[in-house]
Amino acid sequence: MTTFAVEAIGLRREFDKKIAVDNLQLAVPPGEFFGFLGPNGAGKSTTIKMLVGLLRPTRGTARISGIDMWENPLEAKRQLGVLPEGLNLYDRLNAREFIRFAGTMYGLDSAETKKRTDELLELMDLADDADKLIIDYSQGMRKKTALAAALIHAPRVLFLDEPFEGVDVISKRAILDVLQRLRRTGTTIFFSSHILEVAERLCTSVAVIDAGKLVAEGTIPELRERAQAGDETTLEDLFLRAVGAQNGIESGDSLAWLG
Ligand SMILES: Nc1ncnc2c1ncn2[C@@H]1O[C@H](COP(=O)(O)OP(=O)(O)O)[C@@H](O)[C@H]1O
Ligand SMILES: [Mg+2]
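Residues numbered from 1 in each chain as written. Chains lettered and ligands numbered in written order. Predicted model: local features only at pLDDT ≥ 70, side-chain atom pairs only at ≥ 80, totals over all residues.

*Asks:* What exactly am I supposed to notice about the sheet that holds strand E2 (residues 18–28) here?
*Replies:* Pairing between the strands of a sheet comes from backbone hydrogen bonds, and it takes one of two forms, parallel or antiparallel. The strand order E2-E1-E4-E5 describes an open sheet built from four strands, whose pairing is antiparallel. The outermost strands of the open sheet, each flanked by one partner alone, are E2 and strand E5 (67–68). The pairing of strand E1 (residues 6–15) with strand E4 (residues 59–64) spans five bridges and is antiparallel. In the strand pairing of E4, valine 6 is matched with isoleucine 64. Sheet strands touched by helix H1 (residues 44–51): E1, E2 and E4. Its angle to E1, the strand with the most contacts, is close to 120°. (Pairing = 2+ DSSP bridges. Helix = DSSP H or I, 4+ residues; strand = E, 2+ residues; numbered from the N terminus. Contact = placed C-beta atoms within 7 Å. Axes fitted to C-alpha atoms, helices over the stretch in contact; angles between N-to-C directions.)

Laid out in structure tokens, this is it:
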């Protein structure tokens, strides 16, 4: 029996009266490059926060490599790294200090922390700026710093919430290269996006969430088959169909008044 890298088991989260995520069921096998897609406000960040132990579900639970997040949080969190949505980095530190701090938090000794920090700075192309304060960094540099910090303990599962949001093309390329390299080492990558271009190129499978509910899941060819769409159908078309069907929008119907 496979142990899934990431499992969502009946995850639900309410905020006052609003249901942000409703009865979400997911099972991601190890080694996948998994795209968690959906429009703004769909519930992606809320789901990721529940999966990584930052937000308590109203109902249901999450497992990372088979370990229940809410029964055994320390052990579950040791398996994962996360690039969160709002980057809350310590502006008064430089990148080198921030990444080392993450290593210390995960209990690495100082020699190992130093070695890995230097390698990660190199990998992210941050070595030349490593002694500048994070407050003076661009968004792309901040994301790379946060990604380096998320990787220092060599997690088996990496979560990234909108990793390419507001990132310049050079940093985007650097992040993509790192992700592809990680994938070759067997790391499971779970990333959210409302932009489909990267997902189409890289993902081995995707799930689409809309208004808190899962509306499609599978590999891109599987989604095509289910939608009875041809090989040329893009992920964007499939996405719009999945989300549109949920909202009762007939394709071709909207904006008809524009002529
Ligand atoms: N802390 C919160 N308090 C109240 N409502 C929230 C909170 N966080 C998220 N929501 C609501 O839950 C829904 C899903 O949000 P979110 O998970 O951030 O979506 P996404 O990441 O897909 O854009 C939205 O309607 C959002 O306004
Ligand atoms: Mg979000």
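*Asks:* It is not clear to me how the nonpolar core should be interpreted in this structure. Could you clarify?
*Replies:* What tends to happen in soluble globular proteins is that the nonpolar side chains get buried as a cluster. Residues Ala148, Phe159, Phe190 and Val208 are the most contacted members of the largest nonpolar core, which totals 70 residues. With seven residues, the top contributor of residues to this core is helix H5 (residues 139–151). Taken domain by domain, this core gets at least three of its residues from each of domain 1 (1–79 + 157–212) and domain 2 (90–154). Apart from the residues lying within four places of it in its own chain, the contact partners of valine 208 are Leu37, Gly38, Val215, Ala216, Phe239, Ala242 and Val243. (Core = buried A, V, L, I, M, F, W, Y, C linked by C-beta atoms within 7 Å. Buried ≥ 20, exposed ≤ 12 C-beta atoms within 10 Å, placed from the backbone. Domains from an automatic or database assignment.)

*Asks:* What is the right way to read H5 from this model?
*Replies:* The periodicity of an α-helix, 3.6 residues per turn, causes residues three or four places apart in sequence to face the same way. Given a rise of 1.5 Å per residue, 13 residues ought to cover 18 Å, and the 18 Å separating the end C-alpha atoms of H5 matches this to within 8%. The buried fraction of H5 amounts to twelve of the 13 residues, a majority that puts the element mostly inside the structure. For H5, the complete set of buried residues consists of Gly140, Met141, Arg142, Lys143, Lys144, Thr145, Ala146, Leu147, Ala148, Ala149, Ala150 and Leu151. Looking at the buried positions of H5, the neighbouring elements they touch are strand E6 (80–83), helix H3 (95–105), helix H4 (110–123), strand E7 (157–161) and helix H6 (169–184). (Expected span 1.5 Å × (residues − 1).)

*Asks:* Looking at this model, I keep getting lost on the environment of glycine 60. Mind explaining?
*Replies:* Structurally, glycine 60 is set in strand E4. Glycine 60 gets classed as partly exposed once you count the C-beta atoms within 10 Å, which come to 18. C-alpha of glycine 60 to C-alpha of proline 30: the two residues are 30 residues apart in sequence and 21 Å apart in space.

*Asks:* In this structure, what is going on with the site of ligand 1? I would like to understand it.
*Replies:* Surrounding ligand 1, one finds Phe15, Lys18, Ala20, Gly38, Asn40, Gly41, Ala42, Gly43, Lys44, Ser45 and Thr46. Tallying contributions element by element places H1 first for the shell around ligand 1, with three residues. (Near = placed C-beta within 6 Å.)

*Asks:* Sorry if this is basic, but what is going on with unusual backbone geometry here?
*Replies:* Positive phi, normally seen in glycine, also occurs at serine 65, with a value near 45°. Inspection of the secondary structure puts serine 65 in the loop between E4 and E5. The backbone of glutamate 162 shows a phi angle near 50°, a positive value even though the residue is not glycine. By the element assignment, glutamate 162 lies in the loop between E7 and H6.

*Asks:* I would appreciate a short explanation of H1 in the present structure.
*Replies:* Counting buried positions along H1 yields eight of eight residues, so the element is predominantly enclosed. At the exit of H1 stands glycine 53, carrying a positive phi of roughly 85°.

*Asks:* Please clarify how the domain arrangement of the chain should be interpreted in this entry.
*Replies:* Domains assigned within the chain are domain 1 (1–79 + 157–212) and domain 2 (90–154). A C-alpha centroid distance of 23 Å is found between domain 1 and domain 2. Each partner contributes residues to the interface: domain 1 has nine residues there, and domain 2 has eleven residues. Counted by class, the side of domain 1 that touches domain 2 contains six nonpolar, two polar and one charged residues. (Nonpolar A, V, L, I, M, F, W, Y, C, P; charged D, E, K, R; others polar.)

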